[in-house]
Amino acid sequence: MKRHNIMFADRTNWNRTPNRLSESLAALRAAGKPLLDLTVSNPTACGFHYNDREILQALNNPEALLYEPNPKGLESARRAVADYYQARGDDASVEDIILTTSTSEAYSYAFRTLCNPGDEVLIPSPSYPLFDFLAEIQDVKLVRYPLLYDHGWQIDFHALEQAVTPRSRAVIAVHPNNPTGHFTKHSETAKMNAICSARQMAIIADEVFLDFALDGQRAPSFVADAPALTFTLSGLSKIAGLPQMKAAWLAVSGPRESKREALARLEVIADSYLSVNAPVQLAMPRLFEQRHNFQKQIMSRILQNLAELDHQLAGQSECSRLVVEGGWYAVLRVAVTRSDEELALELLASQNVYVHPGHFYDFPSDGFLVLSLITLASEFTEAVARTLDFLER
Ligand SMILES: Cc1ncc(COP(=O)(O)O)c(C=O)c1O
C-alpha cells in the first residue's frame, strides 16, 4: 500500500487520471487550436449582456461593514428568496429558507441532516455527474433509479421502488433534469411524495433550471407543503446567471413536525459554518432583479439554437434529438458505430468540436451526445454543421 493511502481517508482516494477526452482537449488548447465548444455551461462567458453597474453597486453596501451572524442568513436575503417563489406563484415562508453558498453546499447540508455514513440516496439516471462527488464527500451511497424515454422522459417508478432499501434516506428529483431537460410532472410529484412519506424518506428537489421552460409556462416548484419532507434547492448561479456570487438556498417544506425538526438540525449545521458573506447577502434582493434581463437573453439563445439544430437535423437522417422541455441542454441520439467516447474524441480531433458523450451523464447505453444550447449562436451553428457532416460520412 502506498504511504499516502495510509495517511488519507479512503473517501478521497479518487482516480484522478484525466480521461482521454480531457487529455485530448488539453492538447488541442495547448496547441492553440480554435475550438467549437458545445459543452459550455458558464453563463458569464457566453456573450450575455449583464447590467455591470447595477451588479457592482449592489455589492457596495456600507451595511456589510457590520457583522451580523445569522445561521439561516440575513432576513432581507431570505425574503428575496421567498419573494422569488411568490412571483412565480409558489409559496415559501422566510422562516423555512436557509442560505448557502451554492446548490452543491445545500446538497451537503441535506445529506448531513438525513444520512448516516453508508446510507443511501436515490438519484435519477441519466443525470449530472457532480452528484457522485457530492455524495462521496459526505459518505452517502448513491443508488440510481432509471428514467425511461418514450416520446419524452418519465420516471420508472417500478424501478425506483425496487431500488429502495432500509438504508434509503431520500430521493433526488432534478426539476428539470440536467441533461435530459424534462420536468417532473404533477402526477410524478404526487407519486414520489406517496412513496417517500410512506417510507420515512425525504425528497431533495434540485430546481436550478426551474425558470428555463421552453414553452414559457411556469412549472410548479416542489417548495409547497406536501406529504413528504422536502428540501428544495436552487440559487442565483443559474436563475440569474451569476455563479460567481455564490448565493444559493435550501427551502424546507412538508409535514409540520418533521419540517420543524429538519430546520432546527439544519440551523446547527449552518451555524457551524456561517458561510454566506455579508456583501452578497445584502445584494441578493437586487441580484434577483437581474434574472429578468438574464432569462430573457438566455431563453432567446436557447430557442434560437434549438431551432437551428432542428433545421439542420431536418436535412439528414443519421441522428435525431430527444424531446426537451427545459434547461440549457439538448440530447442527440446517434447511431452506435463506436462508443460515445470514441465519437467525441474523433469529433474533437477531426472537427475541433467538443461535445460531451452520454456516458458522462450515465446514459444507459452508447448513442447519445449532449449539446449545450447556451453556446454563442454562430459557434453553435458551425459546430452542429460539422458534427452532422461528420456523422453522415
Ligand atoms: C442539476 C444541477 N444542480 C446543481 C448544480 C450546481 O449549482 P451551484 O452552482 O449552485 O452549485 C448544477 C450546475 O451545473 C446543476 O446542473
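Here we summarise the structure given alongside this text. (Residues numbered from 1 in each chain as written. Predicted model: local features only at pLDDT ≥ 70, side-chain atom pairs only at ≥ 80, totals over all residues. Heavy atoms only, no water.)

1. Regarding the overall build of the chain
Operational definition: Working definition: helices are DSSP H or I runs of at least four residues, strands are E runs of at least two. Numbering for both runs from the N terminus. We compute the radius of gyration from the C-alpha atoms alone; for a globule the expected value is 2.2 Å times N to the 0.38, where N is the number of residues. Buried residues are those whose accessible area, probed at 1.4 Å on protein chains only, stays under 20% of the maximum for their type, while exposed residues exceed 50% and partly exposed ones sit between those limits. Whether two residues are in contact is decided by their heavy atoms, any of which lying within 4.5 Å being enough.
Broken down by element type, the chain carries 13 helices and 14 strands. A compact globule built from 393 residues should have a C-alpha radius of gyration of about 21 Å, and the chain, at 21 Å, falls within 12% of that. With the C-alpha coordinates aligned to their principal axes, the bounding extent of the chain is approximately 60 × 55 × 50 Å. For the chain, the residues scored as buried account for 53% of the 393 residues in total. Long-range contacts, defined as pairs at least 24 residues apart, comprise 75% of the intrachain contacts of the chain with a sequence gap of at least 6.

2. Overview of unusual backbone geometry
Looking along the chain, the bond that leaves S125 and enters P126 is cis, with omega of 5 degrees. With respect to the helices and strands, P126 occurs in the loop between β3 (120-125) and α6 (130-137). Put simply, N178 and P179 share a cis peptide bond, and its omega is 10 degrees. Here P179 shows up in the loop between β6 (168-174) and α8 (186-198).

3. Overview of the site of the ligand
Condition: A single heavy atom is enough: if one lies within 4 Å of a molecule or strand, its residue is considered near that molecule or strand. Polar contacts, as used here, are pairs of N or O atoms within 3.5 Å; protein pairs need one atom able to donate a hydrogen and one able to accept it. Residues neighboring in sequence count only if both atoms are side-chain atoms. Using a 1.4 Å probe, the Shrake-Rupley method yields the accessible areas, and only the shown protein chains count as cover for residues. Under the scheme applied, nonpolar residues are Ala, Val, Leu, Ile, Met, Phe, Trp, Tyr, Cys and Pro; charged residues are Asp, Glu, Lys and Arg; polar residues are all the others, including Gly.
Contacts to the ligand come from S102, T103, S104, Y128, V174, N178, D206, V208, F209, S237 and K238. Between the ligand and D206 there is a distance of 2.6 Å, counted from a nitrogen atom to a side-chain nitrogen or oxygen. The protein chains hide 90% of the 400 Å² of surface that the ligand would expose on its own. Among the elements of the structure, α5 (103-114) and α9 (236-239) are those that each provide at least two residues to the shell around the ligand. Taken together, the residues of the shell around the ligand sort by class into 4 nonpolar, 5 polar and 2 charged.

4. A few points about the sheet that holds strand β14 (residues 368-372)
In plain terms, the rule: When DSSP locates at least two bridges between a pair of strands, those strands are taken to pair.
If you walk across this open sheet you meet the 4 strands as β10-β11-β14-β13, and the pairing is antiparallel. Each of the sheet's edge strands pairs with one partner strand only, and the pair in question is β10 (319-321) and β13 (356-357). In terms of strand pairing, strand β11 (residues 329-334) meets β14 through 5 bridges, oriented antiparallel. Residue R333 lies in a different strand from β14, and its bridge partner there is F368.

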